[in-house]
Amino acid sequence: MFHVSNFFSDLFSILPTQVAAMAMLAVCALALLVGRRLERGLAVVTVAAWFLSAAVQTPDPAGVQWGIFTVDIVYLLVLVALCAFERRVWILFMTAFQLLVVLTHVAFLIDRTLMQWGFFSAYYLWSDAQLAAFAVGVAQAGWERWKARKA
């Protein structure tokens, strides 16, 4: 059964999760402030995917995280769709890193002997790289907005 208190305590239980959450929220807040429609929409989708992933995470450390896997696939499909319409390099990198997140799930499904810490280490690495790509996109949008005001 889902308990809100457990949800938030699990959400911020380890340092990498805490740092990643704060960085993600900062980048998404900045995207909402200075981003174009693309960055603002992606900020909302990113925060929603993050909270959904936390909500569907199972406590079994050795089990497959099917809920997170599903959220990550849907998020990948959103990014692929955006790549079809947007011609920004950062969104391509963001999508590529999300593909690596999904492939990390697949690797764990194929070889269940992989240690769970290895799975999450790779998961955090690709997620952080994806967030860095998004931050580049937000910075570019902010820079363009600042240049437009100066002109």
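As the structure is a computational prediction, the values presented were derived from the model and not from experiment. Sequence positions are assigned chain by chain, starting from 1 and proceeding in written order. Where totals are concerned, whole chains, interfaces and linings use all residues; where local detail is concerned, this predicted model gives features only for residues with pLDDT of at least 70, and gives and counts side-chain atom pairs only at 80 or more. Remark: hydrogens and water are excluded; side-chain values derive from all non-hydrogen atoms of the structure.

A. Spotlight on the nonpolar core. Each nonpolar core is a collection of buried residues, namely Ala, Val, Leu, Ile, Met, Phe, Trp, Tyr and Cys, held together in the definition by side-chain atoms within 4.5 Å. Exposure is judged per residue with a 1.4 Å probe applied to protein chains only, and the accessible area is read against the type maximum: over 50% gives exposed, under 20% gives buried, and values in between give partly exposed. Counting 19 residues, the largest nonpolar core has Leu-42, Tyr-75, Leu-79, Trp-90, Ile-91, Met-94 and Phe-134 as its most contacted members. Under the DSSP-based scheme used, a helix requires at least four consecutive residues in state H or I and a strand at least two consecutive residues in state E, with every element numbered from the N terminus. Looking at this core, the elements with two or more residues in it are α2 (15–34), α3 (37–56), α4 (66–85), α5 (89–110) and α6 (116–150). Among residues more than four places away in sequence, those in contact with Tyr-75 are Leu-42, Val-45, Thr-46, Ala-49, Met-94, Gln-98 and Gln-130. One finds Val-101, Phe-108, Phe-119 and Tyr-123 within the second-largest nonpolar core, a separate group that totals seven residues. Contacts were defined at the residue level, with two residues in contact if any of their heavy atoms lie within 4.5 Å.

B. Summary view of the packing of aromatic side chains. Each aromatic pair joins two rings of Phe, Tyr and Trp (for Trp, the six-membered one) with centres within 6.5 Å, and gets the label stacked for planes under 30 degrees apart, edge-to-face for over 60, and tilted for any other angle. Taken as a whole and judged by the stated rule, the model has seven aromatic pairs. With centroids separated by 6.4 Å and ring planes inclined at 40 degrees, the aromatic side chains of Phe-93 and Phe-97 adopt a geometry described as tilted. Taken together, the residues Phe-93 and Phe-97, both in helix α5 and four residues apart, mark about one turn of the helix. A relative accessible area of 47% means that Phe-93 is categorised as partly exposed.

C. Looking closely at the pattern of salt bridges. Throughout this description, the term salt bridge denotes a Lys or Arg side-chain nitrogen within 4 Å of a carboxyl oxygen of Asp or Glu. If you walk through the whole model with that rule in mind, you get three salt bridges. Of the charged contacts, one joins Glu-39 and Arg-36 as a salt bridge, the two residues approaching to 2.5 Å between their closest N and O atoms. In this structure, Glu-39 and Arg-36 share a single accessibility class: buried. For the salt bridge of Glu-86 with Arg-88, the shortest nitrogen-to-oxygen distance reads 3.6 Å. Looking at Glu-86, the relative accessible area reads 23%, which means it is partly exposed.

D. Quick look at α2. Taking 1.5 Å of rise per residue, 20 residues should cover 28 Å, and α2 covers 28 Å from first to last C-alpha, within 8% of that figure. For α2, the set of buried residues is Thr-17, Ala-20, Ala-21, Met-24, Val-27, Cys-28 and Ala-31. An end-on view of α2 places all buried positions within 140 degrees of arc, on one side of the element. In α2, those exposed residues whose orientation departs by more than 90 degrees from the buried face are Leu-15, Val-19 and Leu-33. Every helix has an expected span of 1.5 Å times one less than the residues it contains. By arc we mean the arc of the directions from the helix axis to the C-beta atoms, nothing more.

E. Structural context of a nonpolar patch on the surface. Like-charged residues within 9 Å of one another, or nonpolar side chains (Val, Leu, Ile, Met, Phe, Trp, Tyr) within 5 Å, are grouped into patches, provided each residue has over 30% relative accessible area and no salt bridge. For every accessible area listed, the method is Shrake-Rupley and the probe measures 1.4 Å; residues are considered covered only by the protein chains on display. Side chains of Leu-99, Leu-100 and Leu-103 sit close together on the surface and give an oily, nonpolar patch of about 230 Å² of accessible area. With respect to the helices and strands, Leu-99 occurs in helix α5. Taking the relative accessible area as the measure of exposure, Leu-99 reaches 39% and is therefore partly exposed.

F. Layout of the packing of α2 against α3. All axes are obtained by fitting lines to C-alpha atoms, using only the stretch in contact for helices, and the reported angles, taken between N-to-C directions, cover 0 to 180 degrees. The contact between α2 and α3 brings their axes to 8 Å, and the two run at 155 degrees. Our classification of the angle between α2 and α3 gives roughly antiparallel. Of the two elements, α2 crosses α3, and the hand of that crossing is left-handed. In contact with Thr-17, Ala-21, Met-24, Leu-25, Cys-28, Ala-31 and Leu-32 of α2, α3 contributes Glu-39, Arg-40, Ala-43, Val-44, Thr-46, Val-47 and Trp-50. In terms of residue class, the contact of α2 with α3 is made up of ten nonpolar, two polar and two charged. Angles are sorted into four bins: roughly parallel if under 35 degrees, roughly antiparallel if over 145, roughly perpendicular if 65 to 115, and oblique for all others. Take the far helix as your reference; a near helix turned counterclockwise from it by less than a right angle gives a left-handed crossing, and one turned clockwise gives a right-handed crossing. Note that Gly is not counted as nonpolar here; it falls among the polar residues with everything else outside the nonpolar set of Ala, Val, Leu, Ile, Met, Phe, Trp, Tyr, Cys and Pro and the charged set of Asp, Glu, Lys and Arg.

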